[in-house]
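Here is what each chain is made of, one letter per residue.
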Amino acid sequence: MRRMRNVKIVATLGPASDTYDTIRALHEAGADVFRLNMSHGSHAEIAEKHAHIRKIETDLGSTIAILADLQGPKLRVGVFANESEMLEDGAAFRLDLDPAEGDVHRVCLPHPEIFAALEAGATLLVNDGKIRLQVTSCGPDFAECVVIAGGAISNRKGVNVPDVELPLAALSDKDRADLAFVAELGVDWIALSFVQRPADVIEARELIKGRAAVLSKIEKPNAVERFDDILEASDGIMVARGDLGVELPVQNVPPIQKRLVRKCRAAAKPVIVATQMLESMIESPMPTRAEVSDVATAIYEGADAVMLSAESAAGSFPIEAVTTMDRVAAEVEQDPTYTQIIEASRHTNGKTVADGIVAAAREIAETADIKAICCFTQSGTTALLVARERPRVPIIVLTPLSNTARRMALSWGCNCVITETVDRFKGAVVAAVLAARKNGFATAQDQVVVTAGVPFNVTGTTNILRVAPCDERLIYSTDPE
């Protein structure tokens with residue numbers, strides 16, 4: 001299904017979008033990638049959504065990516081005798097390992113690893129940062145705190161510890177079970193929560209064993225500080241602004257977002273901007289002007305994808321939310337300023353043959369009357385390099401591997417077509433022009449640029465470029481065998 005935009009839309013599935021008809025309507029409205037949130041739903045429910053998506057692919061002839069988002073370790077306080085208490089500014093409050101019900105003076109925090117890492121002066125944030133505690137003294141089983149910003153605290157509210165690196169693995173026991181399940185089920189991307197260090201990504205990659213691509217969620221200050229190394233270990237990135245905005249001052253998040261998006265593009269790895277993009281559409285059929293501007297900003301920055309969370313998973317207007325995001329994206333990309341910004345931020349430091357081939361493909365396509373850049377790829381690397389160039393013409397990704405096609409559905413501008421295996425360049429060129437015509441990118445009177453690698457079907461051999469007529473009879477009559 002051809003989109004009239006290059007940025008991709010990720011829609012989270014949930015109670016408001018768990019049927020075949022609704023998921024199909026979301027895809028037809030503009031969703032390119034579906035996110036399965038492993039924090040909610042049983043394995044049976046996840047498998048049912050997965051089956052719906054794959055059937056929609058078949059029914060519509062589309063290529064759809066599925067992203068399984070692991071929950072990650074969740075740090076929460078225990079329960080209160082009165083279910084909730086009001087903490088006053090300046091009051092003393094204790095966190096400890098005692099499982100007894102809490103009161104206005106203390107509550108259980110059943111995470112000894114937190115106490116092991118805390119130091120006096122550290123900050124603890126409760127309930128998405130609404131309550132702020134500062135540690136005055138601590139030991140292996142307690143932390144005495146003063147309430148810096150008070151409010152209502154209730155059962156099992158989440159805790160963030162922004163000041164210290166916690167000795168926690170990114171994968172909990174639940175995450176390991178979920179990872180094994182979705183990798184066997186056949187998702188295309190697995191998102192890792194609570195990433196603090198490159199080792200977290202490497203551990204997950206070893207468990208996934210190549211069955212899915214690895215996407216790291218950047219939601220901890222430690223991850224921002226070590227971003228370059230985490231990016232190198234990952235296949236893609238999600239800028240998860242929710243927890244990031246809790247653990248860091250909110251004014252820090254926009255420049256971090258801009259910086260991370262640019263680094264991902266320079267590395268030719270897809271990046272999703274996520275959290276609260278159209279939050280008001282959970283309850284309203286219309287977004288706020290500020291939300292529309294937020295979505296537009298991520299697109300102007302060059303993000304590969306923008307994501308809906310509760311808007312499509314649990315909101316009252318999931319299809320309208322996707323439609324709104326689709327319209328905003330199409331409008332932004334028609335703005336001449338968008339082209340100027342994207343081209344001004346183009347990365348030009350590539351040093352490989354493949355870098356030179358894709359840069360030349362983009363230059364030729366924009367200089368001559370070329371309708372599309374067609375790239376044959378086994379692993380998707382060539383297509384990622386073309387997408388990094390952000391060309392003004394469509395990108396057609398041709399691959400015989402359905403897994404590669406689906407993973408590329410997350411990347412900017414990539415229109416994925418599953419082809420027969422080819423072993424000669426002439427056959428590749430013919431397949432490319434037929435795909436361009438069949439999918440409405442060109443007519444028989446047009447030309448396309450074709451990139452590929454010889455020998456064929458070998459990863460990392462992009463070394464050839466051809467400007468080809470879209471009338472295959474001209475190819476057969478002029479090209480050598």
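That block above? That's the structure.
Quantities reported herein were computed from a predicted structural model and do not represent experimental measurements. (Residues numbered from 1 in each chain as written. Predicted model: local features only at pLDDT ≥ 70, side-chain atom pairs only at ≥ 80, totals over all residues. Heavy atoms only, no water.)

Undergrad: Is there a simple way to think about the overall build of the chain in this case?
TA: Regarding its fold elements, the chain presents 18 helices and 21 strands. Over its C-alpha trace the chain gives a radius of gyration of 24 Å, about what one expects of a compact globule, namely 23 Å for 481 residues. In terms of overall dimensions, the chain has C-alpha extents of about 85 × 45 × 45 Å along its principal axes. Taken across its 481 residues, the chain has 55% of its residues classed as buried. Considering only intrachain contacts with a sequence separation of at least 6, the fraction spanning at least 24 residues in the chain is 67%. Total accessible area on the chain is roughly 19,700 Å²; 51% of this is exposed by carbon and sulfur atoms. Of the charged side chains in the chain, 50 are positive and 65 negative, and the gap between their average positions amounts to 6 Å. (Helix = DSSP H or I, 4+ residues; strand = E, 2+ residues; numbered from the N terminus. Rg over C-alpha atoms; globule rule 2.2 N^0.38 Å. Buried < 20%, exposed > 50% of the residue type's maximum accessible area, 1.4 Å probe, protein only. Contact = heavy atoms within 4.5 Å. Areas by Shrake-Rupley, 256 points an atom, 1.4 Å probe, with all protein chains shown as cover. Lys, Arg positive; Asp, Glu negative; His and termini not counted. Charge placed at Lys NZ, Arg CZ, Asp CG, Glu CD.)

Undergrad: What am I meant to see in empty space enclosed by the protein here?
TA: Unfilled space is identified by rolling a water-sized probe across the atoms. By the definition in use, this model includes one cavity of 30 Å³ or more. Volume-wise, the largest cavity comes out at about 50 Å³. Lining the largest cavity, in full, are C264, R265, A268, K269, P270, D304, L384, A387, R388 and R390. Looking at the lining of the largest cavity, the elements with two or more residues in it are α9 (253-266) and α15 (381-389). Looking at the lining of the largest cavity residue by residue, the class counts come to five nonpolar, no polar and five charged. (1 Å grid on protein atoms, 1.4 Å probe; cavity = no way out; pocket = protein on both sides within 12 Å on 5 of 7 lines; lining within 4 Å. Points joined across faces, edges and corners; volume = space filled by probe spheres on them. Nonpolar A, V, L, I, M, F, W, Y, C, P; charged D, E, K, R; others polar.)

Undergrad: It is not clear to me how the nonpolar core should be interpreted in this structure. Could you clarify?
TA: Grouped burial of nonpolar side chains is what soluble globular proteins tend to show. The biggest cluster of nonpolar side chains holds 88 residues, and the ones touching the most others in it are F34, I190 and L192. Top contributing element to this core by residue count: helix α12 (residues 318-333), with six residues. Those residues in contact with L192 that lie beyond four places of it in its chain are L70, L171, D200, V201, A204, V214, L215, S216 and K217. V77, V107, C145 and V147 belong to the second-largest nonpolar core, a separate cluster that totals 28 residues. (Core = buried A, V, L, I, M, F, W, Y, C linked by side-chain atoms within 4.5 Å.)

Undergrad: Which parts of the structure should I look at to understand the sheet that holds strand β17 (residues 373-376)?
TA: Strands in a sheet are paired, the pairing made by backbone hydrogen bonds, and the direction either parallel or antiparallel. Read from one edge to the other, the open sheet built from five strands follows the order β19-β18-β17-β20-β21, with strand pairing classed as mixed. Pairing within the sheet leaves two strands with one partner each, and these edge strands are β19 (414-418) and β21 (462-469). Averaged over all pairs of adjacent strands, the angle between their axes in this sheet comes to 25 degrees, without regard to strand direction. Looking at chain direction, β17 and strand β20 (residues 447-453) are connected through three bridges and run parallel. Each residue of the ladder has a partner; that of C375, found in β20, is T451. Along the sheet, helix α14 (residues 353-367) contacts β17, β20 and β21; its crossing angle with β21, the most-contacted strand, is approximately 20 degrees. Along the sheet, α15 contacts β17, β18 (395-399), β19, β20 and β21; its crossing angle with β17, the most-contacted strand, is approximately 155 degrees. (Pairing = 2+ DSSP bridges. Axes fitted to C-alpha atoms, helices over the stretch in contact; angles between N-to-C directions.)

Undergrad: Help me understand the side chain of D200, please; the structure alone is not making it clear to me.
TA: Structurally, the position occupied by D200 is in helix α5 (residues 198-208). Using a relative accessible area of 3% as the deciding quantity, one classes D200 as buried.

Undergrad: Honestly, α14 in this entry has me stumped. Any pointers?
TA: Residues lying three or four places apart along an α-helix face the same way, a consequence of the helix completing one turn every 3.6 residues. For α14, built from 15 residues, the straight-helix expectation of 21 Å at 1.5 Å per residue is met to within 8% by its first-to-last C-alpha distance of 21 Å. Buried residues of α14: A354, D355, I357, V358, A361, R362 and A365, and no others. The buried residues of α14 occupy an angular sector of 170 degrees when projected down its axis, which confines them to one face. For α14, exposure combined with an orientation more than 90 degrees from the buried face picks out V353 and T367. Along its buried surface, α14 packs onto β17, α15, β20 and β21. (Expected span 1.5 Å × (residues − 1). Arc of directions from axis to C-beta.)

Undergrad: Just to check I follow, could you spell out the pairing of strand β7 (residues 123-126) for this structure?
TA: Note on strand geometry: in a regular strand, side chains alternate between the two faces of the sheet. Residues T123 and L125 line one face of β7 and the alternating positions L124 and V126 line the opposite face, and both faces are buried. Two elements, β7 and strand β8 (residues 131-139), share four bridges in a ladder whose sense is antiparallel. Bridging from a neighbouring strand, V126 pairs with I131 of β8. Here β7 folds back onto β8, and the loop between the two strands holds four residues, one of which, N127, carries a positive phi near 60 degrees. Sheet topology places β7 next to strand β11 (residues 159-160); two bridges connect them, and they run antiparallel. Across the sheet, residue V126 finds its bridge partner in β11, namely V159.

Undergrad: I keep staring at the sheet that holds strand β16 (residues 305-308) and nothing clicks. Help me out?
TA: Taken together, eight strands build a closed barrel; the order of strands is β1-β2-β3-β12-β13-β14-β15-β16 and the barrel is parallel. Across this sheet, the average inter-strand angle for adjacent strands is 25 degrees, counted without regard to direction. Across four bridges, the pairing between strand β1 (residues 8-13) and β16 is parallel. Of the residues in β16, the one forming a bridge with V10 is M307.

Undergrad: In this structure, what is going on with the pairing of strand β3 (residues 65-69)? I would like to understand it.
TA: Counting buried positions along β3 yields five of five residues, so the element is predominantly enclosed. Here β3 shows a buried face lined by A65, L67 and D69 and a second buried face lined by I66 and A68. In this sheet, β3 lies alongside strand β2 (residues 33-37) in parallel orientation, the contact comprising five bridges. Looking at β3, one finds that R35 is bridged to L67. Crossover connection from β2 via helix α2 (residues 43-60) to parallel β3: handedness right-handed. Relative to strand β12 (residues 189-192), β3 runs parallel, the two being bridged by three bridges. Paired with L67 across the bridge in β12 is W189. (Right-handed = clockwise from strand over helix to strand, strands pointing away.)

Undergrad: I keep staring at the environment of A431 and nothing clicks. Help me out?
TA: Within the secondary structure, A431 is located in helix α17 (residues 425-438). A relative accessible area of 22% means that A431 is categorised as partly exposed. Each C-alpha atom of the pair A431 and T421 lies 9.9 Å from the other, and the pair is 10 residues apart in sequence.

Undergrad: Please clarify how unusual backbone geometry should be interpreted in this entry.
TA: Peptide bonds are mostly trans, and most non-glycine residues show a negative phi. Backbone geometry places N127, a non-glycine residue, at a positive phi of 60 degrees. Residue placement: N127 occurs in the loop between β7 and β8. In this structure, F194 is a non-glycine residue whose phi angle is positive, near 65 degrees. Within the fold, F194 resides in the loop between β12 and α5. A relative accessible area of 9% places F194 in the buried class.

The analysis is restricted to geometry; functional conclusions fall outside its scope.
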